[in-house]
Amino acid sequence: MAGGNERSMKALKEVWRRAENSLCADCGKPDPDWASSTLGVFICLSCSGIHRNIPSISKVKSLKMDHWDDAQVQFLAKHGNAVTKATYEAHIPIYYYQPTYNDCQVLREQWIRAKYERREFTEPGKQLPYCDGVKEGILWKRGRDSGQFLPRKFLLSEREGCLKYFTKQDAKEPKINVKIDVINATFQPVKIGNPNGLQITYLKDNKTRNIFVYHESGKEVVDWFNAIRSVQFHYLKVAFPIASDNEIKNRLTRNFLKEGYMEKTGPKQREAFKKRWFTLDHRRLMYFKDPLDAFAKGEVFVGSRENGYSVQKGLPSGTQGNFSWHYGLTIVTPDREYLFTCETETDQLDWIAAFTSVINQAMTPQEYASKCLDAASFPS
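Throughout, residues of each chain are indexed from 1 in the direction in which the sequence is written. Confidence filtering applies because this is a predicted model: local features only for residues at pLDDT of at least 70, side-chain atom pairs given and counted only at 80 or more, and all residues used for totals across whole chains, interfaces and linings. Side-chain numbers come from the whole structure's heavy atoms, not from hydrogens or water.

Burial status follows relative accessibility: with a 1.4 Å probe on protein chains alone, a residue under 20% of its type maximum counts as buried, one over 50% as exposed, and anything between as partly exposed. Helix and strand assignments follow DSSP, with helices taken as H or I runs no shorter than four residues and strands as E runs no shorter than two, numbered in order from the N terminus. Where burial is concerned, most of strand 17 (residues 337-342) is hidden: 5 out of the 6 residues are buried. In this structure, strand 11 (residues 258-264) lies alongside strand 17, joined through 2 bridges in antiparallel fashion. Within the sheet, the bridge partner assigned to E263 lies in strand 17 and is T341. In this sheet, strand 17 lies alongside strand 16 (residues 327-332) in antiparallel orientation, the contact comprising 6 bridges. Its bridge partner being in strand 17, I331 is matched across the sheet by Y338. A pair of strands is treated as paired once DSSP finds two or more bridges between them.

Here you go:
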């Protein structure tokens, strides 16, 4: 019996050590130490918890702590991540967002359920709820002034190339009508205070407008997210006919590079520093009095190093404004310097790394065109 266990463990470790099984099959996290004995995939602890919630599809066991019999090990050896992915990920639409271990729970759960429970990607040309080119339904939207979440009708149309929402079910005219190419969508469960919280942003008069929504159903809100990506993809395919699918995919919805609180001072650098919520959306740095504000108090364009932009640790000597946080950083632009302080050294270094990643990238022609956001857009 002991010899059988040793043989099974040795065979299990050999399968586990295969290169294809070195990353979680669902989120890509390195060194997965769980596996599904019914699907044949190697997964991380976090994804194993999602699998455990669909027991009719997946039975999960620890590769370190649980016993695996010969038949189960042979099943893993026959399948593994590569073979299983070839079945369950055979026909993923290019615009579909495939989450990583850095993404929120609702995205990862619906990705796993879409693959194994609903089998959305096993057949070519399968009709999916986010690929029709039109989506209509109710989302709970946060009121700009009241802060209350109320049900609102939303309509997404590929034919019209826009997203609309209506304050009443029977309203004929929308409250907003936004072109699809200026929309971004990113999941914000912590900020919104709901596990299915989605932040939709769009440009209005060259300023960013935020809409915060959620739906009780995780599947429904992720379907909305992928429907936006689908409509954007097909819109951009027409707008940029010579661009490759991957180039267009990279222009769809994006996560913010960094968000969080910093203190800032005004352009004279003698005003008291004030605590504000900052969002770095690639080259657009915005600040808000409250994380759930509809409009930014100010925005500034963050260009590239070759155009005179840089980030420096600390504040200029002789800075006069009063500040309560002592981990400073300075953004240098051709027009002026922007001074910020962070609460901790970790925050300071994270912000510097985020700014550096943007500044080190060469600017595109489109980014040169948007450089009209300057110091005047970032008041005190």
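Core analysis: the largest hydrophobic core is formed by 55 residues, its most contacted members being I43, L156, I183, F187, L198 and I200. It is helix 7 (residues 218-239) that provides the largest number of residues to this core, a total of 9 residues. Segmentation of the chain into domains, including their bounds, is taken from an automatic or database domain assignment. The two domains that each donate at least three residues to this core are domain 1 (1-117) and domain 2 (134-250). We call two residues contacting when some pair of their heavy atoms lies within 4.5 Å. Setting aside anything within four residues of it in sequence, one finds L198 in contact with A185, T186, F187, Q188, I192, I211, F212, V213, V221 and F225. Take the buried residues of types Ala, Val, Leu, Ile, Met, Phe, Trp, Tyr and Cys, join any two whose side-chain atoms come within 4.5 Å, and each joined set is a nonpolar core.

Once that is clear, we can look at the sheet that holds strand 2 (residues 42-43). Two pairing modes exist for strands in a sheet, parallel and antiparallel, and in both the strands are linked by backbone hydrogen bonds. With respect to topology, 3 strands assemble into an open sheet ordered 2-1-3, the strand pairing being antiparallel. The open sheet terminates on both sides in strands that have one partner only, identified here as strand 2 and strand 3 (60-62). Here strand 1 (residues 34-36) pairs with strand 3 via 3 bridges, running antiparallel. Looking at strand 3, one finds that A35 is bridged to K61.

Moving on, we come to the UniProt feature "domain: Arf-GAP" (unreviewed entry) in the protein chain. UniProt positions are given in the numbering used here, feature names are shortened, and annotations may be inferred rather than shown by experiment. Within this structure's numbering, the places UniProt gives as "domain: Arf-GAP" (unreviewed entry) are residues 6-129. Helix makes up 40% of residues 6-129 and strand makes up 6%, while its end C-alpha atoms are separated by 48 Å.

Turning our attention to helix 4 (residues 80-88). When we look at burial in helix 4, the residues that qualify are G80, N81, T84 and Y88. Along the axis of helix 4, the buried positions cluster into a sector of 115°, meaning they face one direction only. Check the buried side of helix 4 and you find it contacts strand 2, helix 3 (70-78) and helix 5 (105-117). This arc is taken over the directions from the axis of the helix to the C-beta atoms.

With that out of the way, let us pick up the domain arrangement of the protein chain. Looking at the assigned domains, one finds that the protein chain contains domain 1 (1-117), domain 2 (134-250) and domain 3 (258-376). The C-alpha-based centres of domain 2 and domain 3 are spaced at 27 Å. On the side of domain 3, 15 residues touch domain 2, which itself brings 13 residues to the contact. When two components associate, each loses some accessible surface as probed by a 1.4 Å sphere; the sum of these losses over both components is called the buried area. Here domain 2 packs against domain 3, burying approximately 1,300 Å² in sum over the two surfaces, 50% of which is carbon and sulfur. Sorting the residues of domain 2 by area buried against domain 3 places K191, N206 and T208 first, and these three jointly supply 42% of that buried surface. Should a side-chain nitrogen of Lys or Arg be within 4 Å of a carboxyl oxygen of Asp or Glu, the pair is scored as a salt bridge. Inspection of the domain 2/domain 3 interface yields 1 salt bridge.

Here we come to the packing of helix 2 (residues 45-52) against helix 5. Axes here refer to lines fitted to C-alpha atoms; in helices the fit is confined to the stretch in contact. Angles between the N-to-C directions go from 0 to 180 degrees. Look at helix 2 against helix 5: their axes get within 10 Å of each other, and the N-to-C directions meet at 55°. As far as their axial angle goes, helix 5 and helix 2 are oblique. Here helix 2 and helix 5 pass one another in a crossing that is right-handed. Taking contact as the criterion, the partners of S46, C47, I50 and H51 in helix 2 are, on helix 5, Q105, R108, E109, I112 and Y116. Polar here means any residue outside two lists: the nonpolar Ala, Val, Leu, Ile, Met, Phe, Trp, Tyr, Cys and Pro, and the charged Asp, Glu, Lys and Arg; Gly therefore counts as polar. In the contact of helix 2 with helix 5, the residues fall into 4 nonpolar, 3 polar and 2 charged. Between 65 and 115 degrees an angle is taken as roughly perpendicular, under 35 as roughly parallel, over 145 as roughly antiparallel, and anywhere else as oblique. Left-handed describes a crossing in which the near helix is turned anticlockwise from the far one by less than a right angle; the clockwise case is right-handed.

A separate point is the sheet that holds strand 15 (residues 310-313). Strand order across the open sheet formed by 7 strands is 14-13-12-11-17-16-15, with antiparallel pairing between neighbours. The sheet terminates laterally at strand 14 (298-301) and strand 15, the two strands that pair on one side only. For this sheet the average axis-to-axis angle between neighbouring strands, irrespective of direction, equals 35°. Bridge count for strand 12 (residues 274-281) against strand 13 (residues 284-288) is 5 bridges, and the pairing is antiparallel. Looking at the pairing, L280 lines up with L285 of strand 13. Contacting strand 11, strand 12, strand 13, strand 15, strand 16 and strand 17, helix 9 (residues 345-359) crosses the sheet at an angle of about 160° to strand 15.

Mapped onto this numbering, the UniProt entry gives "domain: PH" (unreviewed entry) at residues 132-233 and 255-360. Helix makes up 20% of residues 132-233 and strand 46%, and the two end C-alpha atoms of the span are 13 Å apart. Secondary structure over residues 255-360 splits into 14% helix and 38% strand, and the C-alpha atoms at its two ends are 19 Å apart.

Looking now at helix 9. What a helix should span is 1.5 Å times the count of its residues minus one. Across its 15 residues, helix 9 extends 21 Å between first and last C-alpha, which sits within 8% of the 21 Å expected from 1.5 Å per residue. Summarising the contacts, the buried residues of helix 9 are in contact with strand 11, strand 12, strand 13, strand 15, strand 16 and strand 17.

Let us look at the pattern of salt bridges. Tallied over the full model, the rule gives 18 salt bridges. As a salt-bridge pair, R118 and E120 come within 2.7 Å of each other at their nearest N and O atoms. Residue classification places R118 among the partly exposed residues on the basis of a relative accessible area of 23%. Classification of E120 as buried rests on a relative accessible area of 5%. Close ionic contact of K164 with E160 constitutes a salt bridge, the shortest N to O distance being 2.9 Å. Three or more residues joined by partner-sharing salt bridges are found here, namely D26, K85, E89 and K115.

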